[in-house]
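# Architecture at a glance
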Amino acid sequence: MRRLRACLGAAAAVSLAAVGTTALVAGSASGATTALGNRWYAAAPYLMPTDNDPPDAGAIMDATGLKAFQLAFILAPDGGGCSPTWGGTSAVSSDTAVQSVISTIRAKGGDVSVSIGGYGGTKLGQACSDPASTAAAYQQVITKYGLHAIDFDLEEPEYENTAAVHNEIGAAKILQQNNPGLYVSVTTAGTADGTGWFGKQMLLEAKSQGFTPNNFSIMPFDGGFNGAASQTSALANFNTILQSTFGWDQATAYAHEGFSGMNGRSDTGEYFSQADFQTVLDFATSHNMDRFTFWSLNRDRQCSPADNGGRTSGTCSSVAQNSWDFAKYSVKFAGATPPTGTPTPTPTPTPTPTPPGGACKAAWSASTVYTAGNEASYNHHNWKAKWWTQNETPAATDWGPWQDEGAC
């Protein structure tokens, strides 16, 4: 396990709270624009700006009319501590790469939200000592990038940690209070029943703290789902959970509910086509839901012939499509009309495979601790660790800790 260093203290958080009401204005020095309407932040698809062969955000905007992007993910440092980083490795305080992406998007009239958490890695709610220090870390992100929106993606393994969830929900409430107008979404796992036991506990934590975000979104994939019908059923069930937890009527619950899908082939081999997205979009709009997003724009393009669409990839969907087909459903949810005509698909580069029989790295071991960049071989392939991992078998999944480097 990682050793966690002490976090920023409550005094630092109080100091930030005192200036929190001006954070969005101060952030404009970093290139923030006038906020978009909340519907755009609600429609923003996820984009990894520095990993998984990031696409050109400006090209996506031109091709689809998309204006908002959900940049992922903010984590605690891999080496421990309570300060924000991109992916556990790149400190927000010294970042220029993501700032450049944001500047490009804003120069074209768009804007970004930033997502914190995700699957894997150490979350700030785990690393920081209390809600105030957790909020202080996230306030650094809001202020640096002049954010108008933020997403709390609470899932494995953090949402099984009661103290971490308490810190995250408490931080979300503090940020909401200190940054007037900040759009806040909370994303968690979806099940056929709506969400699982840990998701329900997270909702109860929010209720106990008196925190209400713009929406609670579920991810109805990787849980035995089969197309849009299973997803809309889960959304209806989740609505019932929101009603019973918060005492809302059905319409109020839908107004605080969101959908976060996965385009194409999911991590567990489920498939979600463009037709599935249209069906869920129709359900979301007809029920006046607050959010419709997906993971991810990095995957919103057709796989190369070498891939054959037979595996889950972080850089393509494994279904037949034109580039950015799925982004257009987000544009529709925002209330805009995508450009007419079929744009010329952006070519997906064909990866250069490692020649069969190339040198294999040292064999993967379940007992060995691997950190970002470490390599190992497994099942005649070389693998590179994306972050700290131990006893997680290498597999080519978008959410997992291993990156497939090809046959050996």
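Predicted model only: the values in this text are computed from it and were never measured. (Residues numbered from 1 in each chain as written. Predicted model: local features only at pLDDT ≥ 70, side-chain atom pairs only at ≥ 80, totals over all residues. Heavy atoms only, no water.)

### Re the overall build of the protein chain
A count of helices and strands for the protein chain gives 13 helices and 15 strands. For the protein chain, long-range pairs separated by at least 24 residues make up 72% of all intrachain contacts whose partners lie at least 6 apart in sequence. Within the structure as shown, the protein chain displays about 15,600 Å² of accessible surface, and the carbon and sulfur contribution to it stands at 53%. (Helix = DSSP H or I, 4+ residues; strand = E, 2+ residues; numbered from the N terminus. Contact = heavy atoms within 4.5 Å. Areas by Shrake-Rupley, 256 points an atom, 1.4 Å probe, with all protein chains shown as cover.)

### Let's talk about the confidence of the model for the protein chain
On average, the protein chain scores 87 in pLDDT, and the residues at 70 or more come to 86%. In the model, residues 1-30 has pLDDT below 50 throughout and makes 56 contacts with residues more than four positions away in sequence or in other chains. Every residue in residues 343-357 is under pLDDT 50, and counting partners more than four places away or in other chains gives 18 contacts. (pLDDT = per-residue confidence, 0-100.)

### Side note on the state of the cysteines
Across all of its chains, the model carries two disulfides by this definition. Between the sulfur atoms of Cys82 and its disulfide mate Cys128 the distance is 2.0 Å. Between Cys82 and Cys128, the disulfide has an S-S torsion of 100° and is therefore right-handed. With Cys82 in the loop between strand 2 (68-75) and strand 3 (85-86) and Cys128 in the loop between helix 6 (124-127) and helix 7 (131-145), this pair connects stretches of sequence that are 46 residues apart. For the residue pair Cys82 and Cys128, the accessibility class agrees, reading buried in each case. Between the sulfur atoms of Cys303 and its disulfide partner Cys316 the distance amounts to 2.1 Å. Every disulfide takes its handedness from the sign of the S-S torsion; for Cys303 and Cys316 that torsion is 90°, giving right-handed. Pair noted here: Cys303 is in the loop between strand 12 (291-295) and helix 13 (327-333) and Cys316 is in the loop between strand 12 and helix 13, with a separation of 13 residues, a long-range link. Across this residue pair, the class does not change: Cys303 and Cys316 are buried. (Disulfide = S-S within 2.5 Å. Buried < 20%, exposed > 50% of the residue type's maximum accessible area, 1.4 Å probe, protein only.)

### Focus on helix 4 (residues 57-64)
Within helix 4, six of the eight residues are buried, leaving the element largely enclosed by the surrounding structure. All of the buried residues in helix 4 are Ala57, Gly58, Ile60, Met61, Ala63 and Thr64. Where helix 4 is buried, its residues touch strand 2, helix 5 (97-107) and helix 13. Looking one or two places after helix 4, you find Gly65, whose phi comes out positive at around 85°.

### What about the sheet that holds strand 13 (residues 375-378)?
Pairing within the open sheet is antiparallel, and its three strands lie in the order 13-14-15. The sheet is open, and its two borders are formed by strand 13 and strand 15 (402-407), each paired with just one other strand. Each neighbouring strand pair of the sheet contributes to a mean axis angle of 30°, computed without reference to strand direction. Two strands pair when backbone bridges link them, and strand 14 (residues 381-385) and strand 15 are joined in this way by five bridges, in the antiparallel orientation. Considered in strand 15, the bridge of Asn382 is made with Gly406. (Pairing = 2+ DSSP bridges. Axes fitted to C-alpha atoms, helices over the stretch in contact; angles between N-to-C directions.)

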